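Results of the structural survey
For reference, the chains in residue letters:
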Amino acid sequence: MTRTLLSLSGISKQFSGKTVLDELSLTIDDGEFITLLGPSGCGKTTLLRMMAGFELPDQGTITLSGVDITQTPPESRPLNTVFQNYALFPHMSVFDNVAYGLKMEKRPKAEIVERVEDALAMVQLEDFARRKPHQLSGGQQQRVAIARAVVKRPKMLLLDEPLSALDYKLRRTMQVELKRLQRELSITFVFVTHDQEEALSMSDRIVVLKDGYIQQLGTPREVYERPENVFTARFVGQTNFFPGRVTNIESDRISVDVFGLNRELGKPSFRVAMNQSLHVLLRPEDIRVLAPDDAEGVAGKIVERNYKGSTLDSVIELEDGSHVMASEFFDEDDPTFDYNIGERVRVSWVDGWEWLLAEEGDEPLTDEEELAADDAEH
Amino acid sequence: MMQSIRQQPFRAAVLVLVWGWLLFLVLTPNMLVVGASVMTRDPANFISLPLNLDAYRQLFNPLYLEVFLHSLYMAAMTTLVCLLIGYPFAWALSRVEKRRQILLIFLLIIPFWTNSLVRTYALKLILATNGLLNSALMSLGIIDEPAQLLYTEGAVIVGLVYLLLPFMILPLYSVFEDLRQDVLLASHDLGAGRFATFKNVIVPLTLPGVLAGVMLVLLPAMGLFFVPDILGGSRNLLVGNVIKNQFLDARNWPFGAAASIVLTLTMALLMFAHRLSKRRLGEEGA
């Protein structure tokens with residue numbers, strides 16, 4: 001029983017002639033943890049600022065619980081924001097920072113004290129109430145910002161890359177903490193990030209954004225395992241794109257030729273024609289690296305190996321020059337598991353784990369191409 | 001100690017230079033002023049023994065008290081006008097596109113290239129009975145005959161504001177520059193309207209700039225004796241005029257010195273208040 005809390009419809013926004021959001025529509029359910037994921041400049045922060053009321057859309061409407069709030073100023077919206085750089089009031093103590101929103105509501109003093117203390121206890125900062133923000137660490141400031149936003153019991157909490165300023169370990173701790181808070185408070189969280197790992201581990205649903213368009217909307221599992229387009233597949237996690245060609249079409253199955261191997265696959269949701277080229281997607285963890293004398297797979301040689309602790313990541317160059325990323329878990333029983341660079345191997349994968357995508361007219365650049373383009377620019 | 005000096009000769013040289021400078025050019029003259037203020041007036045040698053507090057007692061003479069209060073009043077009005085103009089000006093300046101900001105600040109500083117005495121005379125030409133302002137107002141038909149603008153309290157305040165406004169704007173501009181936009185958004189986000197945000201966030205965060213500006217305007221305003229000399233006539237004196245007159249005309253050095261010390265102490269008090277407000281804001285606000 002999901003209920004729509006916030007709905008955006010036909011939202012467009014331009015900044016000095018540049019389109020940031022284009023006819024975007026999205027509904028957010030009550031109580032969900034939804035993440036806006038995308039590279040910088042994709043419009044995710046603009047979208048969040050519109051929900052908060054800091055930006056007004058050029059076109060479109062925003063409704064909260066059925067009420068049109070498109071033109072409502074931020075101070076009158078029952079939702080609160082956790083800012084990227086915390087935006088704490090430097091001249092106020094931690095207590096006064098958290099109490100600010102309640103004071104603005106003109107709550108009785110006793111109630112303010114009680115609720116602020118509860119909020120600080122929730123983020124484990126009871127003992128820091130008298131401190132000033134500059135006397136706190138980054139992680140502590142972050143938690144004050146969260147306490148300050150949730151103390152008003154908003155219908156929705158908007159988080160603008162709240163963890164991006166923290167170091168890796170603290171980040172992981174805060175991710176768990178945020179999930180716990182969301183469960184305890186059962187408030188809807190809208191979370192903006194460019195970190196796909198963070199998005200996958202925290203969200204109920206992910207909105208993948210690029211150039212002001214929604215590329216895909218789905219659960220982390222859908223977005224990772226069944227990307228709807230090349231951009232999503234490349235942006236969320238690492239992916240091998242193998243060139244495939246349709247060799248046979250049946251009612252619910254097709255045959256695809258990949259590196260001369262014939263694979264029988266379920267028919268994809270898009271239209272396929274005989275001899276059509278398409279992308280065969282495989283995640284590095286789906287790839288199996290086999291001995292060179294194995295009957296299965298495609299021949300290649302190891303060009304890179306990275307020991308990652310729990311996995312061994314390698315890159316294999318196939319005979320046609322293309323590269324395959326593989327990520328394998330250690331097998332204690334296999335003494336020949338590790339490779340040397342230059343070693344000949346064969347590459348295979350579990351039959352049926354492929355994911356098919358149609359080729360797109362203007363496909364996004366791969367990471368390497370993008371880096372090369374960046375270099376050329378600078 | 002000796003060893004550290006030998007190890008860091010540059011550091012030692014800089015310290016000696018700074019302390020030497022402060023000792024001979026700041027402390028010594030001030031001590032001489034303090035000394036002069038407790039001595040006796042002597043028409044032949046300016047000052048002589050015995051030591052006494054007559055000069056300070058003379059400050060409480062109703063005549064001088066009145067001059068001091070009137071001077072304080074004019075300086076306070078100057079500061080208020082500077083604040084009322086400077087605060088929104090600095091706020092707007094900090095919101096302008098960066099490249100334009102530099103140009104505007106440049107325009108603000110250009111008048112400093114002309115001696116302030118010359119600029120005050122220019123103001124006199126504008127305010128004079130047959131001056132630019134009166135002619136303009138009359139040709140526009142707003143007034144029929146020239147208004148008495150010069151040699152009024154208003155003329156002195158206009159002159160002081162004209163000379164001192166940049167000193168109010170610059171420290172205010174600096175605090176507005178540091179004022180983070182997201183902190184203001186956070187205030188709105190938490191339910192504060194424009195006025196509540198102004199009162200609870202903008203004013204406290206810009207207070208150090210206000211105090212710095214007040215310090216830079218109020219105290220010089222009491223000392224800029226040439227402004228009343230040129231624009232004010234005989235009734236609109238500043239403490240600076242009293243001090244100048246005592247030293248140069250009346251030849252009463254002890255009294256001039258005592259008046260000057262009272263002015264210095266007022267300044268010290270204001271600086272102390274400024275420090276307190278900075279500490280309250282913590283390091284970030286400083």
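Residues numbered from 1 in each chain as written. Chains lettered and ligands numbered in written order. Predicted model: local features only at pLDDT ≥ 70, side-chain atom pairs only at ≥ 80, totals over all residues. Heavy atoms only, no water.

Digging into the nonpolar core
Residues and elements named next belong to chain A. Within the largest apolar cluster, 95 residues are counted, with the highest numbers of intra-cluster contacts made by Leu-6, Leu-36, Leu-47, Met-51, Met-156 and Val-190. Leave out the neighbours within four places in its chain, and Met-156 touches Leu-5, Leu-6, Ile-28, Met-51, Leu-64, Pro-78, Leu-79, Asn-80, Ile-187, Thr-188 and Val-190. Formed by 37 residues, the second largest nonpolar core is a distinct cluster that contains Leu-88, Ala-147, Leu-159 and Leu-163. (Core = buried A, V, L, I, M, F, W, Y, C linked by side-chain atoms within 4.5 Å. Buried < 20%, exposed > 50% of the residue type's maximum accessible area, 1.4 Å probe, protein only. Contact = heavy atoms within 4.5 Å.)

Let's talk about the pairing of strand 14 (residues 277–282) of chain A
All names here are of chain A. Strand 14 sits mainly inside the fold: 5 of its 6 residues count as buried. Examined bridge by bridge, strand 11 (residues 240–249) and strand 14 share 6 bridges and lie antiparallel to one another. Looking at strand 14, one finds that Asn-240 is bridged to Leu-282. (Helix = DSSP H or I, 4+ residues; strand = E, 2+ residues; numbered from the N terminus. Pairing = 2+ DSSP bridges.)

Here we look at the interface of chain B and chain A
Across the contact, 24 residues belong to chain B and 23 residues belong to chain A. Summed over the shared surface of chain B and chain A, the result is 0 salt bridges. Between the two partners, chain B and chain A, sit 7 residue pairs in polar contact (both at pLDDT 80 or more). The set of elements that each furnish at least two residues to the side of chain B that touches chain A consists of helix 9 (181–189), helix 10 (194–223) and helix 13 (253–285) of chain B. (Salt bridge = Lys/Arg side-chain N within 4 Å of Asp/Glu carboxyl O. Polar contact = N/O pair within 3.5 Å; in protein donor to acceptor, adjacent residues only side chain to side chain.)

Describing the sheet that holds strand 5 (residues 67–68) of chain A
All names here are of chain A. Taken together, the 4 strands give an open sheet; going across it, the order is 2-1-4-5, and neighbouring strands pair in antiparallel fashion. The open sheet has two edge strands with one neighbour each: strand 2 (18–29) and strand 5. Sheet analysis places strand 4 (residues 59–64) next to strand 5, joined by 2 bridges and oriented antiparallel. Directly across from Thr-63, in strand 5, lies its bridge partner Asp-68.

A few points about the sheet that holds strand 7 (residues 156–160) of chain A
Residues and elements named next belong to chain A. With respect to topology, 6 strands assemble into an open sheet ordered 6-7-8-3-9-10, the strand pairing being mixed. Looking at which strands have only one partner, the edges of the open sheet turn out to be strand 6 (79–82) and strand 10 (213–218). With direction set aside, neighbouring strand axes in the sheet form an average angle of 20°. The pairing of strand 9 (residues 205–210) with strand 10 spans 5 bridges and is antiparallel. The residue bridging Leu-209 from the neighbouring strand is Ile-214, located in strand 10. Against the sheet, helix 1 (residues 44–52) contacts strand 3 (33–37), strand 6, strand 7, strand 8 (188–193) and strand 9, and its axis sits at roughly 145° relative to strand 7. (Axes fitted to C-alpha atoms, helices over the stretch in contact; angles between N-to-C directions.)

Description of the pairing of strand 1 (residues 4–15) of chain A
Residue and element names in this part refer to chain A. Summarising the sheet, strand 1 and strand 2 pair through 8 bridges and their orientation is antiparallel. Bridged to Phe-15 within strand 2 is Lys-18. Connecting the antiparallel pair strand 1 and strand 2 is a turn made up of 2 residues, with Ser-16 showing a positive phi of about 40°. Pairing of strand 1 with strand 4, which is carried by 5 bridges, proceeds in the antiparallel orientation. Its bridge partner being in strand 4, Leu-8 is matched across the sheet by Ile-62.

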